[in-house]
Amino acid sequence: MKNWKQIISLGMAGAMLASMPAVSYGASPEFARSEEEWARLRDDVLEYDEIEDLIAEYNATVQTNQLDLNEFKKKYGETKDDVSAKYRDMANEIYASVDYPDPDDPMYGMVVNSVLMAEIQAKNMLQQADDNLDDSEIIYLNYKQAEKTLVTVAQSNMIAYAKGQLQLEQGEVALLQAQSAIASTHTRQANGLATQAEVLSAQEALMTAERNVESARSGVENVRQKLLVMLGWRFDAHPEIRQIPAADPARIVGMNPQADKALAIENNYTRKVNLKKLANAASQNVIDSLEKTIADNEQKIGSSLVTNYQNVLTAKLAYDQAVAELDVELRNLRSLEVNFGQGNASRTQLESQQYAVQNKQLAVKIADMNLFQAMETYDWAVNGLAGTS
């Protein structure tokens, strides 16, 4: 069980933690999810399709933002008028607390300076009250956008972890090739068929392969730790991390930037925030500026969608190319196996081709993950995260 999930957030007070029921480990109340859903989130297994719920329940930033939103509502209220009124109240409190000094007071200069600073602060608050466009809904939308962005980062980290493991395998294959090459070079040198320079070159290739393996292993571990911490585990935990779903090329058929643009615009969080600010605006200059900003948002959302779609098509071409290259290497291997059986190819040649096939097999898996990630990015653009800058 994920015992670490009993600790809801580093930012929460100990008293709050102590008051929580032992069975309520997530940010949501126990009744918000079924027993089956909680059990799935609390087991020591990470699956890709759990990420969004894990972020919502256990990510420290999301939980802190929820606390901040609650505090905002408590302190400033719900509406734009509530927030502006709070600024005015704070300004009036400052004015009421100002004690103007007696000119004969020896501390007059210092006190006058403090009074002036207080008056400036109060005037700034009154200006904030006049200029304010914020309300609790805008704060909520900004935090929700941050939450969904964190989901995409965690998804990218999980994909990077899976790809890193494959790249580590590629490095290990390259290491085996380097070890085989140096053994062959030493044999050839003993028979007078290889120079010392060739031996040194083989040794350098081996050391490079060893460094690459260690670097890949370190990279995989770093990504794993980042992923786990984002989802509520301790950095040194070792849950089972399941495989990334395979890319489904059929998804591409359902992608159409022109047809999807309206939904991407409607869902976009940045545009929603600007629309709410527009609804709260009173100054014509502010209204005009926000209308231009929203129009620009909509243009950039459409452009972002097209770019993400092109990235999907590019990733599909790269995947098809990787599959084609694997097919070539497999045919070469079958041919070499025949030649080896007939004594027309050496074992070294056969092993080299086997390594080439392994590399291409791993390259196909990596290309599949790249395609899957491109598809996910497109879907997130439709679902509210299309770029607007």
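Provided above is the structure to which this section pertains.
Being a predicted model, the structure only gives us computed values, none of them experimental.

Colleague: Would you mind showing me how to read the pattern of salt bridges here?
Modeller: A pair can form between side chains of opposite charge whenever their charged atoms are brought close. The tally for this structure, following the rule as stated, stands at 25 salt bridges. A salt bridge links Arg-217 to Glu-214; the shortest N-O distance between them is 2.7 Å. Highlighted residues: Arg-217 and Glu-214, both in helix H8 (residues 196-230), separated by three residues, approximately one helical turn. On the basis of relative accessible area, Arg-217 is assigned to the partly exposed category, the value being 36%.

Colleague: I keep staring at the environment of Ala-295 and nothing clicks. Help me out?
Modeller: Positionally, Ala-295 belongs in helix H12 (residues 284-341). Here Ala-295 falls in the partly exposed class, since its relative accessible area comes to 40%. A C-alpha to C-alpha distance of 47 Å links Ala-295 and Asp-236, two positions 59 residues apart in sequence.

Colleague: Please clarify how the packing of aromatic side chains should be interpreted in this entry.
Modeller: Think of a pair of aromatic rings as described by two things: how far the centres are apart, and how the planes are tilted against each other in angle. Scanning the model with the defined rule gives four aromatic pairs in all. Measuring from ring centre to ring centre gives 5.8 Å for Tyr-76 and Tyr-87, while their planes differ by 50°; the resulting arrangement is tilted. Of this pair, Tyr-76 sits in helix H4 (residues 60-76) while Tyr-87 is found in helix H5 (residues 80-97), placing the two residues 11 residues apart along the sequence. In this structure Tyr-76 comes out as buried when scored by relative accessible area, which is 17%. For Tyr-87, a relative accessible area of 16% puts it in the buried group. Pairwise contacts between aromatic rings join Phe-72, Tyr-76 and Tyr-87 into one cluster. A cation over an aromatic ring shows up here: Arg-33 above the ring of Trp-38, its NZ or CZ 5.8 Å from the ring centre.

What counts as what
- Residues numbered from 1 in each chain as written.
- Predicted model: local features only at pLDDT ≥ 70, side-chain atom pairs only at ≥ 80, totals over all residues.
- Heavy atoms only, no water.
- Salt bridge = Lys/Arg side-chain N within 4 Å of Asp/Glu carboxyl O.
- Helix = DSSP H or I, 4+ residues; strand = E, 2+ residues; numbered from the N terminus.
- Buried < 20%, exposed > 50% of the residue type's maximum accessible area, 1.4 Å probe, protein only.
- Phe/Tyr/Trp six-rings, centres within 6.5 Å; stacked < 30°, edge-to-face > 60°.
- Lys NZ or Arg CZ within 6 Å of the ring centre and 35° of its normal.

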